[in-house]
Structures are given as structure tokens and as C-alpha cells.
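Structure at a glance
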Amino acid sequence: MDIALKEVIEGRTRLLVPVEGDMTKKDPVFYNPVMEMNRDISVAVASIAKPEAFCDLLAGTGARGIRVANEVGVPVLMNDINPDAVELIKKNAELNKLSVEATCLDANRVLADRRFDFIDIDPFGTPVRCMDSAVRAIDTGGILGVTATDTAALCGSSPRACVKKYASTSLRTDYYNELGLRILIGFVASIAARHEKGITPLFSHCTHHYFKTYVKMKRGPGAATETLKNLGYLQHCFSCRFRGYEKLGNLAATCVCGSKLHNCGPLWTGRYAEPDFCRKLQKEFSEGSYGLGKEALALAKTIELEQAVTLPYYDVHKVARSMGVQPRSMEELIKDYERAGSRAVRTHFCGTGLRIDAGISIVSDVIASNMQ
Ligand SMILES: C[S@@+](CC[C@H](N)C(=O)[O-])C[C@H]1O[C@@H](n2cnc3c(N)ncnc32)[C@H](O)[C@@H]1O
């Protein structure tokens, strides 16, 4: 391997990584410092779950798997199809005095022969290529961590790509990022159901240019059926901004305002995180050593609270501007929704977003009540 390396520290782990390239697939070994929080969260989830066999399936430099082995102290297998990556993984293991397994195989081959109770999938773009084998290779009660960076497909900019990869119709709404995350989780759920398994999303988030979900796998036809109850469609009206979840057989063509309703899905309509698990993560980030622990702690707090409302958020500043109203502070709006008998909570998807537990007329009336 003839790559210029430098040492960085993530969490409590020393890592040799390539001297900055352009962070593309063509780099000799891929390392993206921007994904540190993604890795911080993987380490924290592993620290809570204490797996007996952690698989960093697309490991690159091994940054994630080496950190899990070093900071959580559980057995780890790291795999990458690139021999230079595997050589670097071994160097990183040596640097941290760790005994780990490193393989240089196609991801699906690793999953065909082995079983794990934690599989983390961090691909270039879409994770769909190895989803079936990952769902098969995960133990009951195990955790599957899935990253997707193909936001154009998931968020409605390339709808045809979304149909091809995720068998779902995406939609370019104001809250496109929430729909993208929900399509990803819905896809994992439908693959699980195909294998008579069910999922519970423990923690999911949208950060920078990627989506990530950690789901707990359950086995059995009952678990699969329960999971499928959380799959449905989002109906959206571009005129009055109505949005609502509906099952396939009940999709309406027209909104109450008379305009056409647009459909997005199938997607996940349930909670994308377990509040109890979010609290465990908060404890881990408060007490542990994480480079981006403060940011991750804030994220876990927001995501815990936002599970109170499953309907997608409103970008209340955008709504206000479209009504010709001066946008008000988020605190003021939250209080006004409370006075109107509804609940409004902030969301990690958007700094000016509120998840509002109310019909579209109340949502609009409260924003319009500032009309001057
Ligand atoms: C986004 S990078 C992984 C980054 C790494 N997880 C991290 O946190 O730094 C994706 C990796 O997948 C590897 N890869 C691509 N296709 C693969 C395949 N079919 N089987 C195994 N590895 C593959 C690439 O060589 C690359 O290192």
C-alpha cells in the first residue's frame, strides 16, 4: 500500500487515515471526517447493546469497527472489498493493540456465511445491495444500522431512482428529508417482513447529507405482521399543505380544499426512534468520551421529544412567508399551539420546523394569527 497517512483521534481511538483526498470513491481508502458523529452514534449504540459479534461490513479504514473494538470492547469483524482498506484496518488494529478480524470479501459473501448480533452498513450511496443478506444474517434481538447517502433518490429529486432502489415513490415537499428517512426505514421493514421478521426503529436521524437508522430485529410472522402495520402512504396537498398518512386501499384523490392529493410511499408511518433508547443514548453521551458528544446529546434529546408527533413537520417560517406573515419565534409559536389545545415540538430535521399535532386549519390559523 502506497498511501500517505496521518493520525487522527476519534473518541478514545487513534486512527491512521489517508491524507485528505477529495473524499470520492476513487480515493485509495475512504475516510470522511464529516461522518465522525455517525461513528460516535454507532459506538454509543454498540456500547448500550454490548453485542457479541459486531460486523462493520463496509469498513474503509476501519474507523467504526476499530472504535467499537477499542471503546466498547466487543468482538468485531471488519470487511472491505478493497485490499488497501483491509491493510489499513490491520495497521489501525495494531496501533490500538487490538485483536480483530479483517476480511477482504464482497459484503454479501460475508453475510452469506456468518451471523452477527450487530451489523453496521455504511455504503457509498444506497445500502439496498446488501439489505436482504443483512436481514438474513442478523440474530433475533440484534441491531441493524443502515446508512444511506443517496438523498436525491430518497428525497424526491430523482423519483425514478427511488422506485428502482426502494420500490417507493418519493415526493419533493418542504419536509422532503423526513420523507426520505421514512422511505429508508419502510424499505428495511419490508425486507424484514419478506424474511418473516419485524423491526423496531431504536434511533434514526438525518444529518448532513445522509440518513441513518438503527433497528432492532424480531423474528416470526407475528413480528412481521406488526411491523407492516407501520407501513403506509403519505398524502400531501401542495395547495393547503395538508399532509396525512393513509393505507393503500384508502388513498383519496382530492384534498378537503379541493386540490389534488399527491402520494409518497410506501414509507414508515410510525415512530423512528424509541424514547427510552434515546434516553439511554443521552446518558451515554453525557458520561462517555465522544468527539461530538455534545452535538449527539442534543440530537438524541430532540429526537426523543419529537416522537410525540408522527405526522411530518411544518417549516413554519416557510409557511408564514407564503401567507405574507412575519415569521415568529419558535417559542412563541409552541406556546400558541398549546393555547389552541395542540402540541408542537421542535424537530432535528429543520431548525425552523415544528411537528404539530393538529389539523391543517389550526396549523395555519395559529401562524396567521400574527397577520398585521
Ligand atoms: C463509505 S465507505 C465506508 C466508510 C467507513 N464505514 C467509515 O466509517 O469510515 C464504503 C466502503 O465500502 C467498500 N465497498 C464497496 N463495495 C463493496 C462490496 N461490494 N463489498 C465490500 N466492501 C465494499 C468501499 O471499498 C468503501 O471502503
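Residues numbered from 1 in each chain as written. Predicted model: local features only at pLDDT ≥ 70, side-chain atom pairs only at ≥ 80, totals over all residues. Heavy atoms only, no water.

Our next topic: the pairing of strand β9 (residues 210-219). Burial within β9 is extensive, with 7 of its 10 residues counted as buried. In terms of strand pairing, strand β7 (residues 138-148) meets β9 through 6 bridges, oriented antiparallel. Its bridge partner being in β9, Thr 147 is matched across the sheet by Lys 212. As defined by bridge partners, strand β8 (residues 197-207) adjoins β9 across 10 bridges and the pair is classed as antiparallel. Each residue of the ladder has a partner; that of Ser 204, found in β9, is Thr 213. Here β8 folds back onto β9, and the loop between the two strands holds 2 residues, one of which, His 208, carries a positive phi near 50°. (Buried < 20%, exposed > 50% of the residue type's maximum accessible area, 1.4 Å probe, protein only. Helix = DSSP H or I, 4+ residues; strand = E, 2+ residues; numbered from the N terminus. Pairing = 2+ DSSP bridges.)

Further remarks concern the pattern of salt bridges. Within the structure shown, the criterion is met by 28 salt bridges. Of the charged contacts, one joins Arg 355 and Glu 178 as a salt bridge, the two residues approaching to 2.7 Å between their closest N and O atoms. On the criterion of sequence distance, the pair formed by Arg 355 in strand β15 (residues 350-356) and Glu 178 in helix α8 (residues 176-194) is long-range, its members being 177 residues apart. Overall, the relative accessible area of 0% leaves Arg 355 in the buried class. Residues Arg 328 and Glu 332 are paired through a salt bridge, measuring 3.7 Å at the closest nitrogen-oxygen approach. Taking relative accessible area as the criterion, Arg 328 reaches 11% and is therefore assigned buried. A residue is classified by how much of its surface remains accessible, and Glu 332, at 39% relative accessible area, is partly exposed. By sharing partners, the salt bridges in this structure join Glu 10, Arg 39, Asp 40, Arg 67 and Glu 71 into a single network. (Salt bridge = Lys/Arg side-chain N within 4 Å of Asp/Glu carboxyl O.)

A few words on the domain arrangement of the chain. Segmenting the chain into domains produces domain 1 (5-306) and domain 2 (314-368). Placing the centre of domain 1 and that of domain 2 at their C-alpha centroids yields a distance of 30 Å. Contacts between domain 1 and domain 2 engage 18 residues on the former and 11 residues on the latter. Where domain 1 abuts domain 2, roughly 1,300 Å² becomes buried across the two surfaces, and 57% of that area is made up of carbon and sulfur atoms. (Domains from an automatic or database assignment. Contact = heavy atoms within 4.5 Å. Buried area = accessible area lost by both parts, 1.4 Å probe.)

With that out of the way, let us pick up the sheet that holds strand β11 (residues 243-246). Pairing is antiparallel in the open sheet, where 3 strands are placed in the order β11-β10-β12. Each edge of the open sheet carries a strand with a single partner, namely β11 and β12 (262-268). Looking at each pair of strands side by side, their axes are set apart by 30° on average, direction ignored. As paired elements, strand β10 (residues 231-236) and β11 share 4 bridges and run antiparallel to each other. (Axes fitted to C-alpha atoms, helices over the stretch in contact; angles between N-to-C directions.)

Around the ligand sit 17 residues in total, of which Leu 58, Asp 80, Asp 106, Ala 107 and Asp 122 are the nearest. Here an oxygen atom of the ligand sits 3.0 Å away from a polar atom, N or O, in the side chain of Arg 39. Side-chain polar atom of Asp 122 to a nitrogen atom of the ligand: 2.8 Å apart, as the coordinates give it. Burial of the ligand by the protein chains amounts to 89% of its free accessible area of 600 Å². (Near = heavy atom within 4 Å. Polar contact = N/O pair within 3.5 Å; in protein donor to acceptor, adjacent residues only side chain to side chain. Areas by Shrake-Rupley, 256 points an atom, 1.4 Å probe, with all protein chains shown as cover.)

Let us look at unusual backbone geometry. The omega angle of the peptide bond from Gly 265 to Pro 266 is 5°, so this bond is cis rather than trans. Topologically, Pro 266 is positioned in strand β12. Its identity as a non-glycine residue notwithstanding, His 208 has a phi of 50°, on the positive side. Along the chain, His 208 falls in the loop between β8 and β9. The phi dihedral of Arg 241 falls on the positive side, at around 75°, and the residue is not glycine. Locating Arg 241 in the fold gives a position in the loop between β10 and β11.

Now for the packing of helix α1 (residues 36-49) against helix α10 (residues 275-287). Closest axis-to-axis distance for the α1/α10 pair is 10 Å, and the angle between their directions is 105°. Judged on the interaxial angle alone, α10 and α1 are roughly perpendicular. Each of Asp 40, Ile 41, Ala 44, Val 45, Ser 47 and Ile 48 in α1 lies in contact with α10, whose residues at this interface are Phe 277, Lys 280, Leu 281, Glu 284 and Phe 285. Classifying every residue of the contact of α1 with α10 by side-chain character gives 7 nonpolar, 1 polar and 3 charged. (Parallel < 35°, antiparallel > 145°, perpendicular 65-115°, else oblique. Nonpolar A, V, L, I, M, F, W, Y, C, P; charged D, E, K, R; others polar.)

Another point: helix α13 (residues 330-339). Among the residues of α13, Met 330, Leu 333, Ile 334, Asp 336 and Tyr 337 are the ones counted as buried. Buried residues of α13 fall within an arc of 165° about the axis and therefore sit on the same side. In α13, those exposed residues whose orientation departs by more than 90 degrees from the buried face are Glu 338 and Arg 339. Lining the buried residues of α13 we find α12 (316-322), β14 (344-347), β15 and α14 (360-368). (Arc of directions from axis to C-beta.)

Turning our attention to the pairing of strand β1 (residues 5-10). Across 6 bridges, β1 lies against strand β2 (residues 13-18) in antiparallel orientation. Note that in β2 the partner of Lys 6 across the bridge is Val 17.

Our focus in this paragraph is the packing of aromatic side chains. For the coordinates displayed, the defined rule picks out 7 aromatic pairs. Centroid distance Phe 54 to Phe 118: 4.7 Å. Interplanar angle 45°. Geometry classified as tilted. Here Phe 118 lies in strand β6 (residues 116-121) and Phe 54 lies in strand β3 (residues 54-56), a separation of 64 residues in the sequence. A residue is classified by how much of its surface remains accessible, and Phe 54, at 0% relative accessible area, is buried. Look at Phe 118 and you get buried, because its relative accessible area is 0%. Arg 172 extends its terminal NZ or CZ atom over the ring of Tyr 176, reaching a point 4.2 Å from the ring centre. When the ring centre of Tyr 314 is taken as origin, the NZ or CZ atom of Arg 243, which lies over that ring, is 3.6 Å away. (Phe/Tyr/Trp six-rings, centres within 6.5 Å; stacked < 30°, edge-to-face > 60°. Lys NZ or Arg CZ within 6 Å of the ring centre and 35° of its normal.)

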